[in-house]
Amino acid sequence: MSTRLVVVHPDAGVLAAATAARLLTRVLDAQSVHSPVHVVLTGGTVGIRTLAEVAASPLRTAVDWSGVHLWWGDERFLPAGDPDRNETQAREALLDLLVAEHGLPAANVHAVPGPGEGPADVTTPEESAAAYARTLAAHAVPGEPVPAFDVLMLGMGPDGHVASLFPHHAGLEAPGSTAGVHGSPKPPSERVTLTFAAIGAAQEVWIVAAGAEKAAQAAAALSGGPVTQVPAVRAVGHRRTLWLLDAAAASEHR
Ligand SMILES: O=C(O)[C@H](O)[C@@H](O)[C@H](O)[C@H](O)COP(=O)(O)O
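No experiment lies behind these values; they were computed from the predicted model shown.

1. Re the layout of surface pockets
Put simply, the largest pocket is a space of about 260 Å³. Taken together, 20 residues form the lining of the largest pocket, with Gly43, Gly44, Gly155, His161 and Lys186 sitting closest to its centre. Secondary structure elements with two or more residues in the lining of the largest pocket: α2 (45-56), β4 (74-76) and β8 (204-209). Residues belonging to the lining of the largest pocket are distributed by class as follows: six nonpolar, nine polar and five charged. Approximately 160 Å³ is the volume attributed to the second largest pocket. Lining the second largest pocket are Glu87, His110, Ala111, Val112, Pro113, Glu117, Gly118, Pro119, Ala131, Tyr132, Arg134 and Thr135. If one sorts the elements of the lining of the second largest pocket by residue count, helix α4 (residues 125-138) sits on top with four residues. A class-by-class count of the residues in the lining of the second largest pocket yields six nonpolar, three polar and three charged.

2. Concerning the UniProt feature "domain: Glucosamine/galactosamine-6-phosphate isomerase" (unreviewed entry) in the protein
Residues given the UniProt feature "domain: Glucosamine/galactosamine-6-phosphate isomerase" (unreviewed entry) here are residues 11-243. Helix makes up 32% of residues 11-243 and strand makes up 15%, while its end C-alpha atoms are separated by 14 Å.

The rules we used
Each chain has its residues counted from 1, following the order in which its sequence is written. Local features in a predicted model are, by the rule used here, given only for residues with pLDDT of at least 70; side-chain atom pairs are given and counted only at 80 or more, and totals for whole chains, interfaces and linings are based on all residues. Neither water nor hydrogens contribute to the side-chain values; these are computed over all heavy atoms in the structure. Think of a 1 Å grid over the protein atoms and nothing else: a 1.4 Å probe that fits but is trapped marks a cavity, an open set flanked by protein within 12 Å on at least five of seven lines marks a pocket, and residues with an atom within 4 Å of a point count as lining. Grid points are joined across faces, edges and corners, and a volume is the space filled by probe spheres set on the points. Think of it this way: any DSSP run of H or I at least four residues long counts as a helix, any run of E at least two long counts as a strand, and we number them from the N terminus. Amino acid classes used here: Ala, Val, Leu, Ile, Met, Phe, Trp, Tyr, Cys and Pro are nonpolar; Asp, Glu, Lys and Arg are charged; the rest, including Gly, are polar. UniProt positions are given in the numbering used here, feature names are shortened, and annotations may be inferred rather than shown by experiment.

Written out as structure tokens, the structure is:
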């Protein structure tokens, strides 16, 4: 039985700082029980701001990063190092620091292959998705498609998308654990995303959203709107789903 919690913070800055503290203590709790710990990161302004808050937190030194694996819920299909890649922004905000000074093995950072990357030398979002799915499966319990992610973080767009799962898009019903995306309404148009099946494998799913422009879709998702219109409604954790909002994004939720 999955439980749901809605937590509202006064503004985006406090939301990012609180989510960073929550992530660090959740990783600490998880690694006191099992290793490795798997965390899925998100792109977007609040997602990256949360990583910067982790980098600024003294609590980061309490985590044994050698036993943590980091993944992405989605990625823009752009060349390695492109400033618009979620990976690039995450490395700049936090991951480079964790690798350089806190013992996070570089091999534990599982980037989604961009054009020309990876052993498969991918050329399309579908090839990248397939390569990413193979890596996910290689780190899963035998027979499972993806690891049992301890925490899977998601931002939410004003249209209610999470990861790169957009309203009325084919990705909503994609089989398997990953999918290639074309025609994304949020640029760039080509992306790679986890599917809802992969998202649902997470013990905890955290949807982190700030801003009045998210209020209508946050309220729609929380009241159970159709997934074709508000994909975030299907972002549910196996054990727990947290909606972490600022007051503006929560302003239409009753
Ligand atoms: O690749 C991406 O763009 C993100 O993964 C995307 O899903 C993002 O999290 C939402 O669009 C929210 O973004 P903002 O927090 O910037 O509104």
